[in-house]
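Descriptive structure summary
Chain residues, written in single-letter form:
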Amino acid sequence: MHMDATTMVDFLLTQANLPFTISLSFVVILAVLEALSLSVGFSLVKALEKWAPRDTGLEHTDVSVNGLASVASWLCLDKLPLLIWFVLALVSFTLAGFVSNYIALTLYSNLLPQSAALPIALFVTAFACRYIGEAIASVLPRNELGIVSTDGLLGSVGTVTVGCAIKGNPSEALVQDQYQQKHYVLVEPESKGIEFNSGTQVVLLRREGGVWSAARFDS
């Protein structure tokens, strides 16, 4: 089926394609913002990674959290910069939706209802994030990915954010890795009789399960 410019616009703006057109609009907006930011020496990709937490440190404390972490890992959320992953998901969703509806229009002279097109697009998006995401991650330099594993935080300095950490009763701490990315981990003193109140700076010494033993950091 041949489409001229008018037919293409009608195709993009039809109600059945509205979710995919909105998704495409987000991609265009992000591309324009990134281009403008780079022109002034700023990068949305790196800026987003500075505050987007890579790790919660809670994988071993709750089954549901562990399950969500597994799904996120399968989708390559932990392997790509967040903005790159988001653009990959949007582009995959957009293309899957448009292609599905174009095929339906060509074969049956009608577009798919959203109740059929959306699940197809989401299914394709999930697998695109998984496999295309892995391919992208494999060619990006490690310093561009800016990804540090939990064990790679050894020796990092963090700040206790909530509660009072004592031996056997850890509290949450915020740690920044060498790429200035944030990680939320559980910390406790390495010995009894020591307390880490909120705001205390600590240095990570060793990890056992999902909890880090730490010592007070004196700058």
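Structure shown above.
Residues numbered from 1 in each chain as written. Predicted model: local features only at pLDDT ≥ 70, side-chain atom pairs only at ≥ 80, totals over all residues. Heavy atoms only, no water.

Description of the overall build of the protein chain
- Helix and strand content of the protein chain: seven helices and five strands.
- A separation threshold of at least 6 residues defines the contact pool for the protein chain, and within that pool the share at least 24 residues apart is 65%.
- Put simply, the protein chain shows about 12,200 Å² of open surface, and 65% of that area lies on carbon and sulfur atoms. (Helix = DSSP H or I, 4+ residues; strand = E, 2+ residues; numbered from the N terminus. Contact = heavy atoms within 4.5 Å. Areas by Shrake-Rupley, 256 points an atom, 1.4 Å probe, with all protein chains shown as cover.)

Let's talk about helix α2 (residues 18-39)
- An ideal rise of 1.5 Å per residue puts 32 Å on 22 residues; α2 measures up with 32 Å between its terminal C-alpha atoms.
- Those residues of α2 not exposed but buried are Phe20, Thr21, Ser23, Val27, Leu30, Glu34 and Ser37. (Expected span 1.5 Å × (residues − 1). Buried < 20%, exposed > 50% of the residue type's maximum accessible area, 1.4 Å probe, protein only.)

Let's talk about unusual backbone geometry
- In this structure, Cys76 is a non-glycine residue whose phi angle is positive, near 70°.
- Tracing the backbone shows Cys76 in the loop between α4 (63-74) and α5 (82-108).
- For Cys76, a relative accessible area of 0% corresponds to the buried category.
- Phi is positive for Ser109, which is not a glycine, with a value near 60°.
- Assignment of secondary structure puts Ser109 in the loop between α5 and α6 (114-139).
- The exposure class of Ser109 is exposed, given its relative accessible area of 61%.

Considerations on α6
- For α6, with 26 residues, the first-to-last C-alpha span of 35 Å sits near the 38 Å given by 1.5 Å per residue.
- At Ala128, α6 shows its maximal kink, close to 30°.
- Among the residues of α6, those classed as buried are Ala117, Ala121, Thr125, Ala128, Cys129, Arg130, Gly133 and Ala137. (Bend = angle between axes of the 7 residues up to and from the residue.)

What to know about the nonpolar core
- Within the largest apolar cluster, twelve residues are counted, these being Leu153, Val160, Ala165, Ala173, Val175, Val185, Val187, Phe196, Val202, Leu204, Trp212 and Ala214.
- Among the elements of the structure, β2 (171-176), β3 (182-189), β4 (201-208) and β5 (211-216) are those that each provide at least two residues to this core.
- With ten residues, the next largest nonpolar core counts Phe11, Leu105, Leu111 and Ala117 among its residues. (Core = buried A, V, L, I, M, F, W, Y, C linked by side-chain atoms within 4.5 Å.)

Thoughts on the sheet that holds β3
- Taken together, the five strands give a closed barrel; going around it, the order is β1-β2-β3-β5-β4, and neighbouring strands pair in mixed fashion. When the angles between neighbouring strand axes are averaged without regard to direction, this sheet yields 55°.
- Looking at chain direction, β4 and β5 are connected through six bridges and run antiparallel. Looking at the pairing, Arg206 lines up with Ser213 of β5. (Pairing = 2+ DSSP bridges. Axes fitted to C-alpha atoms, helices over the stretch in contact; angles between N-to-C directions.)

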